[in-house]
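Here is how the chains run, residue by residue.
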Amino acid sequence: MDPQIVSSLITLGAVVLGVGAVAVIALVIRRKTREISRMAFGTDNLMEGLQKAEAEYESTPKSLSSMTSLALERIKRDFPEFNYDDMKARASNVIVSYLRCIDENNANLLTEGNAELKRELKLRLEMLRNVEHVEQYDRIKVHRLEISSYVKRNGRCIVTFQCALQSKHVLQDQAGETLKGDTEKWEQSRWETDLVYIQDPDKLTSPELAALGLNCPNCGAPITNLGNKSCEYCGTAITEINLNAWTFNAVREA
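Residues numbered from 1 in each chain as written. Predicted model: local features only at pLDDT ≥ 70, side-chain atom pairs only at ≥ 80, totals over all residues. Heavy atoms only, no water.

A. Local environment of the overall build of the protein. Of regular secondary structure, the protein possesses six helices and five strands. By the burial criterion, 34% of the 254 residues in the protein qualify as buried. Sequence separation of at least 24 residues holds for 62% of the intrachain contacts in the protein that already meet a minimum separation of 6. Split by element, the accessible area of the protein, about 15300 Å² in all, is 52% carbon and sulfur. (Helix = DSSP H or I, 4+ residues; strand = E, 2+ residues; numbered from the N terminus. Buried < 20%, exposed > 50% of the residue type's maximum accessible area, 1.4 Å probe, protein only. Contact = heavy atoms within 4.5 Å. Areas by Shrake-Rupley, 256 points an atom, 1.4 Å probe, with all protein chains shown as cover.)

This is the structure we're talking about:
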């Protein structure tokens, strides 16, 4: 047989074998892909499975570090009058109002909180303005809220509440380009807030005293000196400054 024909046949055979090998590999990959997709998502279609997983991730609330039952026992021993349901509702409200302040770029929408929290919020809004970014939290929903810790530190008793929160969250630049988030998708996140009780004022440092957020009952001016018997702005008599009051002093994404 002509050597050239033999060479051509060998080349053709190699090509056929190569194509066959590729086809076999492709079939194996396709089969393995279906098996993996079936095991992971319950469907043979990997793309459909990924879309299903994304939808579930978008709609599933975040898990929480719940220490409610243990922490509440300790809190009740220290503060028998502690009303958990009331504090829980307040914690939820302060987190939601904090996010609405960011959404509307208005710190005055904060429902409650001491001077420390208000100062931090104003700094965050100022930072967003400085970089010309707009951050939006729309359709906020709290799925669940629990106590995640209870500690005593530097004259303070601190109850940290953690919540699983759902929202339409997006961060945009001045041109309207989205830097983070998606207005068409839900975002599941965890947020925390610290509820603080001043147990030992003698252990507080000066910055912490300023963060107490004590105000005149008449004009609302801050009471910066704990020894004051009257408001230095309007002269209203102050018979007692109640240090022993629960107040929120931090909100943050966990």
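B. Inspection of the side chain of arginine 156 at higher detail. You can see arginine 156 is positioned in strand β2 (residues 156-172). Taking the relative accessible area as the measure of exposure, arginine 156 reaches 8% and is therefore buried. Polar side-chain contacts of arginine 156 include one of 3.4 Å to the side chain of glutamate 116. (Polar contact = N/O pair within 3.5 Å; in protein donor to acceptor, adjacent residues only side chain to side chain.)

C. Representation of the packing of aromatic side chains within the structure. Per the stated rule, a full pass over the model turns up six aromatic pairs. Geometrically, the ring pair formed by tyrosine 137 and tryptophan 191 is edge-to-face, given 6.1 Å between the ring centres and 80° between the ring planes. Taken together, the positions of tyrosine 137 in strand β1 (residues 134-153) and tryptophan 191 in strand β4 (residues 187-198) put the pair 54 residues apart, joining distant regions of the chain. When its relative accessible area of 3% is taken as the criterion, tyrosine 137 is described as buried. (Phe/Tyr/Trp six-rings, centres within 6.5 Å; stacked < 30°, edge-to-face > 60°.)

D. Geometry of helix α3 (residues 68-78). Restricting attention to buried positions, one finds in α3 the residues Thr68, Ala71, Leu72 and Ile75. All buried residues of α3 lie within an arc of 100° about the axis, which places them on one face of the element. Turned more than 90 degrees from where α3 packs its buried face, Ser69, Leu70 and Arg77 sit exposed. Here the buried face of α3 lies against α4 (84-104), β1 and β2. (Arc of directions from axis to C-beta.)

E. Main features of the pattern of salt bridges. A full pass over the atoms with the stated rule returns seven salt bridges. In this structure, aspartate 78 and lysine 152 form a salt bridge, with 2.9 Å as the shortest nitrogen-oxygen distance. Here the residue aspartate 78 occupies a position in helix α3, and lysine 152 occupies one in strand β1, the gap between them amounting to 74 residues. For aspartate 78, a relative accessible area of 33% corresponds to the partly exposed category. The class for lysine 152 is partly exposed, based on a relative accessible area of 45%. For glutamate 112, the salt bridge identified is with arginine 90, shortest N-O distance 2.7 Å. Taken as a pair, glutamate 112 in the loop between α4 and α5 (115-130) and arginine 90 in helix α4 lie far apart in primary sequence, 22 residues in all. In the salt-bridge network here, residues are joined through shared partners; they are Glu192, Asp194 and Arg252. (Salt bridge = Lys/Arg side-chain N within 4 Å of Asp/Glu carboxyl O.)

F. Representation of the confidence of the model for the protein in the model. Of all residues in the protein, 67% have pLDDT values of 70 or greater, and the mean over the chain is 80. Ranking the helices and strands of the protein by mean pLDDT puts α4 first, with 97, and helix α6 (residues 206-210) last, with 46. Taken together, the stretch residues 206-213 has pLDDT below 50 and engages in 19 contacts with residues farther than four places along the chain or on a different chain. pLDDT under 50 marks residues 239-243. Its contacts with residues more than four places away, or in other chains, come to 11 contacts. (pLDDT = per-residue confidence, 0-100.)

G. Main features of the packing of α4 against α5. For the pair α4 and α5, interaxial distance at closest approach is 10 Å and the crossing angle is 30°. Comparing the axis directions of α4 and α5 gives the class roughly parallel. Between α4 and α5 lies a crossing whose hand is right-handed. On the side of α4, the interface is formed by Val94, Tyr98, Cys101 and Ile102, while α5 contributes Leu117, Glu120, Leu121, Arg124, Leu125 and Leu128. Residues that form the contact of α4 with α5 fall into these classes: eight nonpolar, no polar and two charged. (Axes fitted to C-alpha atoms, helices over the stretch in contact; angles between N-to-C directions. Parallel < 35°, antiparallel > 145°, perpendicular 65-115°, else oblique. Left-handed = near helix turned anticlockwise from the far one by under 90°. Nonpolar A, V, L, I, M, F, W, Y, C, P; charged D, E, K, R; others polar.)

H. Representation of unusual backbone geometry. Phi angles above zero are rare outside glycine, and glutamate 132 is one such case at about 55°. On the secondary structure map, glutamate 132 appears in the loop between α5 and β1. With a relative accessible area of 43%, glutamate 132 lands in the partly exposed category. In this structure, arginine 139 is a non-glycine residue whose phi angle is positive, near 55°. One can find arginine 139 in strand β1. Relative accessible area serves as the criterion here: at 53%, arginine 139 is assigned to the exposed category.

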